[in-house]
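Topology and contacts: notes
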Amino acid sequence: MTRFRLRPHVLEQDEDGVWIGALPHGPIVHVGGVGELVLETLGAWEDGGRTGDGAALTPAQIAAHLHASIEGMPEDAEASIGEFLDQLVLSGLVESLPEEGR
């Protein structure tokens with residue numbers, strides 16, 4: 001299964017979520033709700049909001065983490081998380097890594 005990792009970025013939290021921008025040239029996007037928790041799980045808040053060396057995780061690993069910490073998380077969250085990560089790949093905020101051993 002494909003793993004995902006944040007690319008180098010900067011971020012700033014506000015009352016509605018987080019603004020996150022890929023370094024060095026963007027784009028800058030606003031993410032809220034569960035998307036914000038996905039970014040947090042990938043390590044977006046390490047090093048004062050400047051990181052690109054976070055964990056490379058699969059959507060299943062992220063969903064398992066969120067299921068353990070959020071009561072009532074939908075059982076089909078893995079598919080939605082995968083779609084969200086695919087969108088972040090297109091924006092340059094996240095990179096996809098091939099399955100280990102391939």
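What you see as residue numbers is a count from 1 along each chain, following the sequence as written. With the structure being a predicted model, the display of local features is reserved for residues of pLDDT at least 70 and the display and counting of side-chain atom pairs for 80 or more, all residues being used for whole-chain, interface and lining totals. Heavy atoms from the whole structure form the basis of all side-chain values; hydrogens and water molecules are not counted.

**Let's talk about the environment of Asp 76**
Examined against the element boundaries, Asp 76 turns out to sit in the loop between helix H2 (59-69) and helix H3 (77-91). Since its relative accessible area comes to 53%, Asp 76 is described here as exposed. The helix and strand labels rest on DSSP assignments: H or I over at least four residues marks a helix, E over at least two residues marks a strand, and numbering proceeds from the N terminus. Partly exposed describes any residue whose relative accessible area lies between the buried limit of under 20% and the exposed limit of over 50%, with all areas from a 1.4 Å probe on protein chains only and scaled to the type maximum.

**Things to note about the packing of helix H1 (residues 34-41) against H2**
It is the contact of H1 with H2, at a shortest axis distance of 10 Å, that shows an interaxial angle of 110°. Considering their axes alone, H1 and H2 lie roughly perpendicular with respect to each other. At the point where H1 passes H2, the crossing takes the right-handed sense. Taking contact as the criterion, the partners of Val 34, Leu 37, Val 38 and Thr 41 in H1 are, on H2, Ile 62, His 65 and Leu 66. Of the residues that constitute the contact of H1 with H2, the class distribution is 5 nonpolar, 2 polar and no charged. Orientation is described by lines fitted to C-alpha atoms, with helices fitted over the stretch in contact, and by angles between N-to-C directions that extend from 0 to 180 degrees. For classification purposes, an angle smaller than 35 degrees is called roughly parallel, one larger than 145 roughly antiparallel, one from 65 to 115 roughly perpendicular, and anything else oblique. Crossing chirality is assigned from the near helix's rotation relative to the far helix, an anticlockwise turn below a right angle marking it left-handed and a clockwise turn marking it right-handed. Any two residues whose heavy atoms approach within 4.5 Å are treated as being in contact. Note that Gly is not counted as nonpolar here; it falls among the polar residues with everything else outside the nonpolar set of Ala, Val, Leu, Ile, Met, Phe, Trp, Tyr, Cys and Pro and the charged set of Asp, Glu, Lys and Arg.

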